[in-house]
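Okay, here's what each chain looks like letter by letter:
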Amino acid sequence: MLSSEFLAVFYGALMALAIIVYAVLDGYDLGVGILLPFKNKQQADTMISSIGPFWDANETWLVLAVGLALIAFPLAHSVILQALYLPVALMLLGLILRGVAFDFRAKAKTKYQDTWDFSFKIGSILTAFSQGFMLGLYVMSFEKSVESYGFAILSGFGVVAAYALIGSAWLIMKTTGQLQRKAVNWCKKTNIIAACGVIAVSAVNPLINDFVAAKWFDLNESLILLPIPVLCMILFVIQNTLLSSFDDAEDILKSWRPFAIATSIFLLCFSGLLHSFYPYVVPNQLTIYESLADPSALTFMLYGVIVVVPAIIGYTLFSYRVFWGKTQALSYY
Amino acid sequence: MLDTLLLSRIQFATNISFHILFPTISIALAWFLVFFKVRYVQTKQPVWLRAYRFWVKIFALTFALGVVSGITMSFQFGTNWPGFMERIGNIAGPLLGYEVLTAFFMEATFLGIMLFGMKRVSPAVHTFSTVVVAIGTTISAFWILSLNSWMQTPVGYEIIDGVFYPKDWFAIIFNPSFGYRLSHMLLASGITASFLIAGISAYRLLKNDHKHAPKLTLKVALTVAMVLTPLQAFVGDLHGLNTFEHQPQKVAAMEGVWETEKGAPLLLFAVPDEANRKNHFELAIPNLASLILTHELDGEIKGLNEFKNAHPPVKPVFYGFRVMVGLGLFMIFVAALARVTLWKHKVLPVWQLKLLVVMTFSGWIATLAGWYVTEIGRQPYMVQGLVRIDELVTQVPSEHVLYTLIGYISVYAILLAAYIKTLFYTADKAVEVEEYELNPPMRGEQYA
């Protein structure tokens, strides 16, 4: 049996990995859903085809993240989920709507198709917004106040914009021609909105959270923390410059850059949050050490994790290699 | 009034009832797809690929519904039953964790390749992906049923201050009712999927679909159904004996036995009355229940009165059991009749085709009835004999649970209607399609 300190850090890190992989992967497919146009069926089809082989596996990272919270930090899991009861239900309805709409729209090419497209878009927006809302409440330590809900709503819009950003960057990579030009425009707009969002969160976070503020204004800590928003801003500027001079890129190798930049911004923001809150899993209430489950049960699971997680990463990469390149028409085989 | 506990129970029951419908189909349908694909590889006859491509669409839809409703379940542990994880999380957690790690990712990733990758990977890799998806669905069932069985027949644990700690993982995973429950569920899935395939194929034949594929899938499905339905009766009986050994109060509710008695009769029908602790309108076969459960004509069956305040509500368990067994027996009969008719005359008469269409979703009804028997039969406990369900419920205000319950029920009702409609719509479309359009795609071929 391994020591609880090690297990807490190990499962905390694994959960962090699951969350960030989820945010990037499901982020881009939710983003594609958020951007789905109603008027242009052909473009809508191509956009949905681009995420067809992946969305299901992307969503599994959410199940893993929640599952790990449940297994490794059961106390935190129940505090967080009870505090977020309604937004969680809203997110689930969103996930249900978009998940099934995806399959229904491909099969019911009738009068219902518009309804399913609408459900897909609404479901994606609902999911992204409630995730942002939950993130906002989390940052506010689940405080029940007007300011706290105001911040959560702001954060909800921020996440919708961030997912639209990474979704449009994904489309730049996976499409060509008119749709790609459209995606460049979306990406430019959402890039600016997301940049404002990052500034807002960075400003508000230390103001409302003493624990975070103490970290941010401690000299040693700030040496690690300060470069994060600075780097983020540099990336937003680079993204903007790149997109302004973007011409048609048929070659997937030339069109992957906006996606790489968006992914880096996600990684930076997330590591900033992570560093601000560590070692708390419920802000100001519970640390990963205090809420850890029984070490022997976690040791039992650890062997599985060590064998299986590399395999998961391996076949995920394989699947992305199989579907590498520009998206083709959607067809089930 | 409606309190959080009752509403949470209704909500969980609604969710699990909706969720179970889809894995029940997809576990076995995945193996049917493997069979169609392998036959195509062996024989190179395009008809097998047509069968595959028709059913893979339905599989994709079924799988998606299973995934989204499954995610809902995983959140509800935390939102509505926080006590569940606080008390038995050390045991339930790793089992659920292993399901996500060993099944979910594998299914979801290879499903992408299976559905959209036929033109992008070699035939061997595609067949391999199909097999991996089928293995994944079965592994999922393995872990979920392991946890569920453990909650029915808990072993291998110790309790310190009300919290469960694992002592012997092998004993926990392979607990005393696990083998019966897993085989019962896998067979239920096989039967549900084969009646679904038979029903939809019969529907296409009734719509004058003269292509070879629906005839072939009808034959395959009826053959499987003819083999699995009697096998299920046999396994179900063994499962019943196991339940009699470990959960006698559940069996007493299933059989409607109030007083402990020797030589208990088998009640074909009755109206149990829990307030007066007796049955009305009994239609019984003497001594048969004792004979079935104890293999002795005057064997003793413990009555519900021995478990006052700790036995399940009788009516749902009693009726659920009769629905499951009655429908099961009828399915044995229909499968055998249709398969033998097909064997003798090569075609089915219209009335038999219609009967099969009516029975398209009979597997769902039998499975749900069976789940109600086993899950309601565990009440009032969450973990049999150890943890009562009312100890675990959330502190969330009851209105919140009510709102979300209404939300779930509305969405689920719409989705269920849409699912069934889409199945028949897909069948209608397949009737219209000419066979030449369904030639196998070549590797690297481009589609407009």
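Residues numbered from 1 in each chain as written. Chains lettered and ligands numbered in written order. Predicted model: local features only at pLDDT ≥ 70, side-chain atom pairs only at ≥ 80, totals over all residues. Heavy atoms only, no water.

(A) Representation of the overall build of chain A in the model. Regarding its fold elements, chain A presents 13 helices and two strands. For 333 residues, the compact-globule estimate of 2.2 N^0.38 gives 20 Å, and the C-alpha radius of gyration of chain A, at 20 Å, lies within 12% of that figure. Referenced to the eigenvectors of the C-alpha coordinate spread, the extents of chain A come out at roughly 55 × 40 × 40 Å. Within chain A, buried positions represent 60% of all 333 residues. Nonlocal contacts in chain A, meaning residues at least 24 apart in sequence, comprise 79% of its contacts between residues at least 6 apart. Accessible surface, chain A as shown: approximately 13100 Å² in total, 71% of it carbon and sulfur. Positive and negative charge centroids in chain A, built from 19 and 20 side chains respectively, lie 14 Å apart. (Helix = DSSP H or I, 4+ residues; strand = E, 2+ residues; numbered from the N terminus. Rg over C-alpha atoms; globule rule 2.2 N^0.38 Å. Buried < 20%, exposed > 50% of the residue type's maximum accessible area, 1.4 Å probe, protein only. Contact = heavy atoms within 4.5 Å. Areas by Shrake-Rupley, 256 points an atom, 1.4 Å probe, with all protein chains shown as cover. Lys, Arg positive; Asp, Glu negative; His and termini not counted. Charge placed at Lys NZ, Arg CZ, Asp CG, Glu CD.)

(B) Here's a closer look at a nonpolar patch on the surface. A surface patch of nonpolar side chains, amounting to about 430 Å² of accessible area, comprises Leu226(A), Val230(A), Leu231(A), Ile234(A) and Ile238(A). Looking at where Ile238(A) falls in the secondary structure, it is placed in helix α11 (residues 227-244). (Patch = residues over 30% accessible without salt bridge, like charges linked within 9 Å, V, L, I, M, F, W, Y side chains within 5 Å. Salt bridge = Lys/Arg side-chain N within 4 Å of Asp/Glu carboxyl O.)

(C) Quick look at the packing of aromatic side chains. Evaluation of the coordinates by the stated rule reveals 49 aromatic pairs over all chains. Pairing Trp170(A) with Tyr320(A) gives two aromatic rings, centres 6.4 Å apart and planes at 85°, and the pair type is edge-to-face. Of this pair, Trp170(A) sits in helix α7 (residues 146-174) while Tyr320(A) sits in helix α13 (residues 295-322), placing them 150 residues apart in sequence. By relative accessible area, which is 2% here, Trp170(A) ends up buried. Plain terms: the ring middles of Trp364(B) and Tyr419(B) are 5.9 Å apart, the flat faces sit at 25° to each other, and that makes the pair stacked. Residue Trp364(B) is found in helix α12 (residues 362-376), and its partner Tyr419(B) is found in helix α13 (residues 398-432); the two are separated by 55 residues along the sequence. For the residue pair Trp364(B) and Tyr419(B), the accessibility class agrees, reading buried in each case. An aromatic cluster of at least three residues, connected via ring pairs, comprises Phe300(A), Tyr98(B), Phe142(B), Trp143(B), Trp169(B), Phe170(B), Phe174(B) and Phe178(B). Over the ring of Tyr40(B) we find Lys44(B), and its NZ or CZ is 5.5 Å from the ring centre. (Phe/Tyr/Trp six-rings, centres within 6.5 Å; stacked < 30°, edge-to-face > 60°. Lys NZ or Arg CZ within 6 Å of the ring centre and 35° of its normal.)

(D) A look at the environment of Ile51(A). Residue and element names in this part refer to chain A. In this fold, Ile-51 is placed in helix α2 (residues 41-51). The exposure class of Ile-51 is buried, given its relative accessible area of 0%. Along the chain, Ile-51 and Val-230 lie 179 residues apart, while their C-alpha atoms are 32 Å from each other. In this structure, Ile-51 is in contact with Tyr-28, Asp-29, Val-32, Phe-102, Phe-120 and Trp-170, ignoring residues within four places of it in sequence.

(E) Representation of the nonpolar core. Core analysis: the largest hydrophobic core is formed by 243 residues, its most contacted members being Tyr11(A), Trp55(B), Phe84(B) and Tyr419(B). No other element matches helix α2 (residues 46-80) of chain B, which puts 21 residues into this core. Ignoring sequence-local partners within four residues, the contact set of Tyr419(B) consists of Phe104(A), Phe22(B), Ile25(B), Ile58(B), Leu61(B), Thr62(B), Leu65(B) and Trp364(B). Counting 20 residues, the second-largest nonpolar core is a separate cluster that includes Val257(B), Leu267(B), Ala289(B) and Val317(B). (Core = buried A, V, L, I, M, F, W, Y, C linked by side-chain atoms within 4.5 Å.)

(F) A look at unusual backbone geometry. A cis amide bond links Tyr278(A) with the next residue in sequence, Pro279(A), at an omega value of 5°. Its location among the elements puts Pro279(A) in the loop between α12 (257-277) and β1 (280-282). Cis rather than trans, the peptide bond between Gln379(B) and Pro380(B) has omega equal to 0°. Within the fold, Pro380(B) resides in the loop between α12 and β7 (381-383). Phi is positive for Ser141(A), close to 55°, though the residue is something other than glycine. With respect to the helices, strands and loops of the structure, Ser141(A) is situated in the loop between α6 (113-139) and α7. With a phi angle near 55°, Phe142(A) is a residue other than glycine that sits in the positive phi range.

(G) Looking closely at the interface of chain A and chain B. In this complex, chain A contributes 65 residues to the contact, which on the side of chain B involves 75 residues. Taken together, the two surfaces of chain A and chain B that pack against each other cover about 6400 Å², and 75% of this comes from carbon and sulfur. There are zero salt bridges connecting chain A and chain B. Linking chain A to chain B there are eight residue pairs in polar contact (both at pLDDT 80 or more). The element contributing the most residues to the side of chain A that touches chain B is α13(A), with 15 residues. Split into classes, the residues belonging to the side of chain A that touches chain B amount to 45 nonpolar, 13 polar and seven charged. (Buried area = accessible area lost by both parts, 1.4 Å probe. Polar contact = N/O pair within 3.5 Å; in protein donor to acceptor, adjacent residues only side chain to side chain. Nonpolar A, V, L, I, M, F, W, Y, C, P; charged D, E, K, R; others polar.)

(H) Quick look at the side chain of Thr175(A). Structurally, Thr175(A) can be placed in the loop between α7 and α8 (177-208). Polar contacts involving the side chain of Thr175(A) include one to the main-chain carbonyl oxygen of Leu171(A), which spans 2.6 Å.

(I) Up close: the packing of helix α8 (residues 248-255) of chain B against helix α10 (residues 314-345) of chain B. Residue and element names in this part refer to chain B. Here α8 crosses α10 at 70°, and the two axes come no closer than 7 Å. Looking at the two axes, α8 sits roughly perpendicular to α10. Seen along the crossing, α8 lies across α10 with a hand that is right-handed. From α8, Lys-250, Ala-253, Met-254 and Glu-255 reach across to α10, where they touch Val-314, Val-317, Phe-318, Phe-321 and Arg-322. For the contact of α8 with α10, the class distribution of residues is six nonpolar, no polar and three charged. (Axes fitted to C-alpha atoms, helices over the stretch in contact; angles between N-to-C directions. Parallel < 35°, antiparallel > 145°, perpendicular 65-115°, else oblique. Left-handed = near helix turned anticlockwise from the far one by under 90°.)

(J) Broad picture of α7(A). The terminal C-alpha atoms of α7(A), which comprises 29 residues, lie 42 Å apart, in line with the 42 Å expected from a rise of 1.5 Å per residue. The element α7(A) is largely enclosed, with a buried count of 21 among its 29 residues. (Expected span 1.5 Å × (residues − 1).)

(K) Summary view of the side chain of Ser140(B). The topology assignment puts Ser140(B) in helix α4 (residues 123-152). Aside from chain neighbours lying at most four places away, what touches Ser140(B) is Glu99(B), Ala103(B), Phe104(B) and Glu107(B).

(L) Local environment of the environment of Arg53(B). Residues and elements named next belong to chain B. Assignment of secondary structure puts Arg-53 in helix α2. Arg-53 gets classed as buried once you look at its relative accessible area, which sits at 6%. For the pair Arg-53 and Lys-37, spaced 16 residues apart in sequence, the C-alpha separation works out to 9.3 Å.

(M) Fine view of the UniProt feature "transmembrane region" (unreviewed entry) in chain A. Residue and element names in this part refer to chain A. This chain's UniProt record puts "transmembrane region" (unreviewed entry) on residues 6-25, 83-101, 122-142, 148-172, 192-212, 224-246, 258-278 and 298-318. Regarding residues 122-142, the helix share stands at 86% and the strand share at 0%, and the terminal C-alpha atoms are separated by 26 Å. The annotated region residues 148-172 carries 100% helix and 0% strand content, and the separation between its end C-alpha atoms amounts to 36 Å. (UniProt positions renumbered as here; feature names shortened; annotations may be inferred.)

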